[in-house]
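# Structural description and commentary
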Amino acid sequence: MPAPSALPMSTDPFQLPFRLDRSRNAATQVFDHLRELITTLALKPLASLQRNDLSAYYGLSSTPVRDALTKLSEEGLVDIYPQQATVVRAIDVQSAMQAQFLRLALEVEIADQLAQQVTPQLIGTLGNLISQQQLALSLGDFDTFVKVDMAFHRQMFASANVEQLWHWVRQQSGNLDRLRRLHVPIEGKAARVVADHRGIVAAIEVGDSAQAMANVRSHLTGTLTQIEAIREKHPGYLI
């Protein structure tokens, strides 16, 4: 297996072109793009975001850029210093803990519901996502691994007919996502994620609600038990 990279490449993400969709709100597109760069750690803590540079990059006036940065600040992902600069904020562990608490409360109940109304289609879909994740792991492709991980959990919400709650949780999870992004490449973590997913699906498939709930609880608490190991491996990334 190729040697994994613990973090995304350090190339300037703004060297890549951005195509603005003129049929959609500009500030929303800027926000979504910057949030993706921050949560994937393409933009690392303390990276400077100059409003004039961003306006030039996106081909927009300063207003939608300012609105996007304000929203990122409200999510705790950037710090805005008036008349100076905006910088990417270090990962707020307390915020990550609160997001994890929220997600855990929801997903445990979702696992219970899915085990009580299991269908072959659900098991097939989740199994296919696990296979995709295993392939990404075998290739050392952690970008794809994390994306498929998100798709797995989103599918659980969708199958329980509460997909809107998934989007709500995502809005609270920027710091948790960054923390997990640091954790996944640490040796053994990704393999445990795949094994955990298999355990969750196996319990759901046989209708064992108690075991499905226990497996979700164990799975979702993994990263926050490794805070100090992550902090040691990536000094300066965590508040």
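No experiment lies behind these values; they were computed from the predicted model shown.

## Some remarks on helix α10 (residues 209–220)
Between its terminal C-alpha atoms α10 stretches 17 Å, which fits the 16 Å expected from 12 residues at 1.5 Å a residue. Taken together, the buried positions of α10 are occupied by Ser209, Ala212, Asn215, Val216, His219 and Leu220. Viewed along the axis of α10, the buried residues span an arc of 130°, placing them on a single side of the element. Each element contacted by the buried residues of α10 is listed here: α4 (93–116), α6 (142–159) and α9 (189–205).

## Some details on the sheet that holds strand β1 (residues 48–49)
Strand order across the open sheet formed by three strands is β1-β3-β2, with antiparallel pairing between neighbours. Among the strands making up the open sheet, the edge pair consists of β1 and β2 (78–80). Bridging between β2 and strand β3 (residues 86–88) involves three bridges; their strand directions are antiparallel. Bridging from a neighbouring strand, aspartate 79 pairs with valine 87 of β3.

## As for unusual backbone geometry
The backbone of leucine 41 shows a phi angle near 70°, a positive value even though the residue is not glycine. By relative accessible area, leucine 41 is classed as buried at 0%. Here leucine 46, not a glycine, exhibits a phi torsion of approximately 80°, which is positive. By the element assignment, leucine 46 lies in the loop between α1 (26–39) and β1.

## What to know about the environment of leucine 137
Within the element layout of this structure, leucine 137 appears in helix α5 (residues 120–138). For the pair leucine 137 and serine 62, spaced 75 residues apart in the sequence, the C-alpha separation amounts to 41 Å.

## Observations regarding the side chain of serine 209
Mapped onto the elements of the fold, serine 209 is located in helix α10. Looking at serine 209, the relative accessible area reads 15%, which means it is buried. A distance of 3.1 Å separates the side chain of serine 209 from the side chain of aspartate 112, its partner in a polar contact.

## Side note on the packing of α1 against helix α2 (residues 51–58)
The interhelical angle for the contact between α1 and α2, taken along N-to-C directions, is 110°, at an axis separation of 12 Å. Considered as vectors, α1 and α2 are oriented roughly perpendicular to each other. Contacts between α1 and α2 pair Val30, His33 and Leu34 from the former with Leu54, Tyr57 and Tyr58 from the latter. A class-by-class count of the residues in the contact of α1 with α2 yields five nonpolar, one polar and no charged.

## Describing α1
Because the α-helix completes a turn every 3.6 residues, residues three or four places apart line up on one side. Its 14 residues give α1 an end-to-end C-alpha distance of 20 Å, which sits within 8% of 20 Å, the value for a rise of 1.5 Å per residue. Of all 14 residues in α1, 11 are buried; the element is thus mostly enclosed. Taken residue by residue, α1 has Ala26, Ala27, Gln29, Val30, Phe31, His33, Leu34, Arg35, Leu37, Ile38 and Thr39 as its buried positions. Buried residues along α1 sit in contact with α2, α3 (62–74), β2, β3, α7 (163–172) and α8 (174–183). Where α1 begins, one side-chain oxygen reaches toward the backbone nitrogen of alanine 27, 3.1 Å away; that side chain belongs to asparagine 25. In the segment just after α1, leucine 41 is the residue with positive phi, at about 70°.

## Let's talk about the packing of aromatic side chains
Enumeration according to the criterion identifies five aromatic pairs in this entry. Where phenylalanine 14 meets tyrosine 57, the ring centres are 5.1 Å apart and the plane angle is 75°; that geometry is what we call edge-to-face. Here the residue phenylalanine 14 occupies a position in the segment before α1, and tyrosine 57 occupies one in helix α2, the gap between them amounting to 43 residues. According to the relative accessible area criterion, phenylalanine 14 is partly exposed, its value standing at 21%. Aromatic rings pair up to connect Phe14, Phe18, Tyr57 and Tyr58 into one cluster. In this arrangement the basic side chain of lysine 71 is found over the ring face of phenylalanine 31, its NZ or CZ atom lying 4.4 Å from the centre.

Thresholds applied
Residues numbered from 1 in each chain as written. Predicted model: local features only at pLDDT ≥ 70, side-chain atom pairs only at ≥ 80, totals over all residues. Heavy atoms only, no water. Helix = DSSP H or I, 4+ residues; strand = E, 2+ residues; numbered from the N terminus. Expected span 1.5 Å × (residues − 1). Buried < 20%, exposed > 50% of the residue type's maximum accessible area, 1.4 Å probe, protein only. Arc of directions from axis to C-beta. Contact = heavy atoms within 4.5 Å. Pairing = 2+ DSSP bridges. Polar contact = N/O pair within 3.5 Å; in protein donor to acceptor, adjacent residues only side chain to side chain. Axes fitted to C-alpha atoms, helices over the stretch in contact; angles between N-to-C directions. Parallel < 35°, antiparallel > 145°, perpendicular 65-115°, else oblique. Nonpolar A, V, L, I, M, F, W, Y, C, P; charged D, E, K, R; others polar. Phe/Tyr/Trp six-rings, centres within 6.5 Å; stacked < 30°, edge-to-face > 60°. Lys NZ or Arg CZ within 6 Å of the ring centre and 35° of its normal.

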